[in-house]
Amino acid sequence: MSNKNSSLEMIRLGLVLAVFAAASCTVLALVNNVTSVKIAANKIAKANEAMKVVMSDADSFEPVENFAQSASSSIKVLSVYAAKKDGATVGAVAQINGPTYDRGTVMVGMKTDGTITGVQFLELSDSPGFGLKANDPTFKLPNGKTFYGQFEGVNAKNGLKAGSNFDAISGATITSVGAAALIEEGTKSMFKYFEGGAK
């Protein structure tokens, strides 16, 4: 008799757990549906704001449908937008994701002559301390600029080389070189757009 009661109790507990699991999954799915839309909207808003920061001369941005991808399999050009002023293309902005010390996403603006107009980090998951200094607006390099601010005015035609046309953060060379590689891949994609499309 006790074995029968024990079996019934186990079945009852199993059913209760199954109900709780189903209810939890349903609640999580609903929360995900509600929050994923807001998260996506926030990411779009952040990217739109960054475009205006990195290419302040433009009065509108038009998505480029067919843009060149990075030759590196670890770096992905997420989007390219033509930067327009009074209807004429004055440059472009690109959003790029890839490895830094961990991973980062940057937005870079560039004039049609190759001059970088600005860089903004949208995400950076490097280690606290040295790595995150790349995105810290209060951290200044010996040249008096932020890490990302030093790229403004640099012409990307000859590429980006640490110690030559940008300074790496002392103690965070991997982050510095990784971030510069993202910026450079973005500029390459924009140059190809200026030349007539993805190649």
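Residues numbered from 1 in each chain as written. Predicted model: local features only at pLDDT ≥ 70, side-chain atom pairs only at ≥ 80, totals over all residues. Heavy atoms only, no water.

Colleague: Can you lay out the overall build of the protein for me, pointing to particular residues and giving the numbers?
Modeller: A tally of helices and strands in the protein yields two helices and five strands. Overall, the protein shows an N-to-C arrangement of helices and strands of α-β-β-β-β-β-α. For 199 residues, the compact-globule estimate of 2.2 N^0.38 gives 16 Å, and the protein exceeds it by more than 25% at 24 Å. When the accessible area of the protein is evaluated, it comes to approximately 11300 Å², of which 58% is carbon and sulfur surface. Computing the positive centroid from 19 side-chain charges and the negative centroid from 17, the protein places the two 4 Å apart. (Helix = DSSP H or I, 4+ residues; strand = E, 2+ residues; numbered from the N terminus. Rg over C-alpha atoms; globule rule 2.2 N^0.38 Å. Areas by Shrake-Rupley, 256 points an atom, 1.4 Å probe, with all protein chains shown as cover. Lys, Arg positive; Asp, Glu negative; His and termini not counted. Charge placed at Lys NZ, Arg CZ, Asp CG, Glu CD.)

Colleague: Before we move on, can you summarise the environment of Met107 with the specific residues and values?
Modeller: When you line up the elements, Met107 lands in strand S4 (residues 104-111). It is 10.0 Å that separates the C-alpha atoms of Met107 and Met55, two residues lying 52 residues apart in sequence.

Colleague: If you had to explain the nonpolar core to someone new, which residues and values would you point to?
Modeller: In terms of nonpolar packing, the biggest core is built from 34 residues, with Val80, Val108, Ile116, Phe121, Phe147, Phe151 and Ile183 touching the most fellow members. If you list the elements that add at least two residues to this core, you get strand S2 (76-85), strand S3 (88-98), S4, strand S5 (116-124) and helix H2 (173-195). For this core, the leading source of residues is H2, giving six residues. Contacts of Ile116, omitting those with residues within four sequence positions, involve Val108, Gly109, Met110, Phe151, Glu152, Gly153, Val154, Ala156, Leu160, Ile183 and Thr187. Ranked by size, the runner-up nonpolar core spans 10 residues in total, among them Val54, Ala83, Met107 and Leu122. (Core = buried A, V, L, I, M, F, W, Y, C linked by side-chain atoms within 4.5 Å. Buried < 20%, exposed > 50% of the residue type's maximum accessible area, 1.4 Å probe, protein only. Contact = heavy atoms within 4.5 Å.)

Colleague: Which residues make up the pairing of S2, and what values do they have?
Modeller: Two elements, strand S1 (residues 60-63) and S2, share four bridges in a ladder whose sense is antiparallel. Its bridge partner being in S2, Phe61 is matched across the sheet by Ala83. When S2 meets S3, the two strands line up antiparallel, connected through nine bridges. Paired with Lys84 across the two strands is Thr89, which belongs to S3. As consecutive antiparallel partners, S2 and S3 are separated by two residues, and within that stretch Asp86 has a phi angle of approximately 55°, a positive value. (Pairing = 2+ DSSP bridges.)

Colleague: Could you give an account of the sheet that holds S2, naming the residues involved and the relevant values?
Modeller: With antiparallel pairing, the five strands of this open sheet are ordered in space as S1-S2-S3-S4-S5. The open sheet terminates on both sides in strands that have one partner only, identified here as S1 and S5. On average, adjacent strands in this sheet sit at an angle of 25° to one another, irrespective of strand direction. Across the sheet, H2 lies against S2, S3, S4 and S5, angled at about 140° from S3, the strand it touches most. (Axes fitted to C-alpha atoms, helices over the stretch in contact; angles between N-to-C directions.)

Colleague: So, the pattern of salt bridges: which residues are in play, and what are the values?
Modeller: Pairing is possible between side chains that carry opposite charge, provided their charged atoms lie close to one another. In this structure the tally under the stated criterion is three salt bridges. Of the charged contacts, one joins Arg12 and Glu9 as a salt bridge, the two residues approaching to 2.8 Å between their closest N and O atoms. Here Arg12 and its partner Glu9 are both found in helix H1 (residues 2-54), three residues apart, which amounts to about one turn of the helix. Residue classification places Glu9 among the partly exposed residues on the basis of a relative accessible area of 34%. Close ionic contact of Lys188 with Glu185 constitutes a salt bridge, the shortest N to O distance being 3.3 Å. Here Lys188 and its partner Glu185 are both found in helix H2, three residues apart, which amounts to about one turn of the helix. Judged by relative accessible area, Lys188 falls into the partly exposed class, the value being 40%. (Salt bridge = Lys/Arg side-chain N within 4 Å of Asp/Glu carboxyl O.)

Colleague: Describe unusual backbone geometry, naming the residues involved and giving the relevant values.
Modeller: For residues that are not glycine, phi is negative in most cases, and the peptide bond is trans in most cases. Although it is not a glycine, Asp86 adopts a positive phi angle of roughly 55°. Here Asp86 is to be found in the loop between S2 and S3.

In short, shape yes, function no, at least from these values alone.
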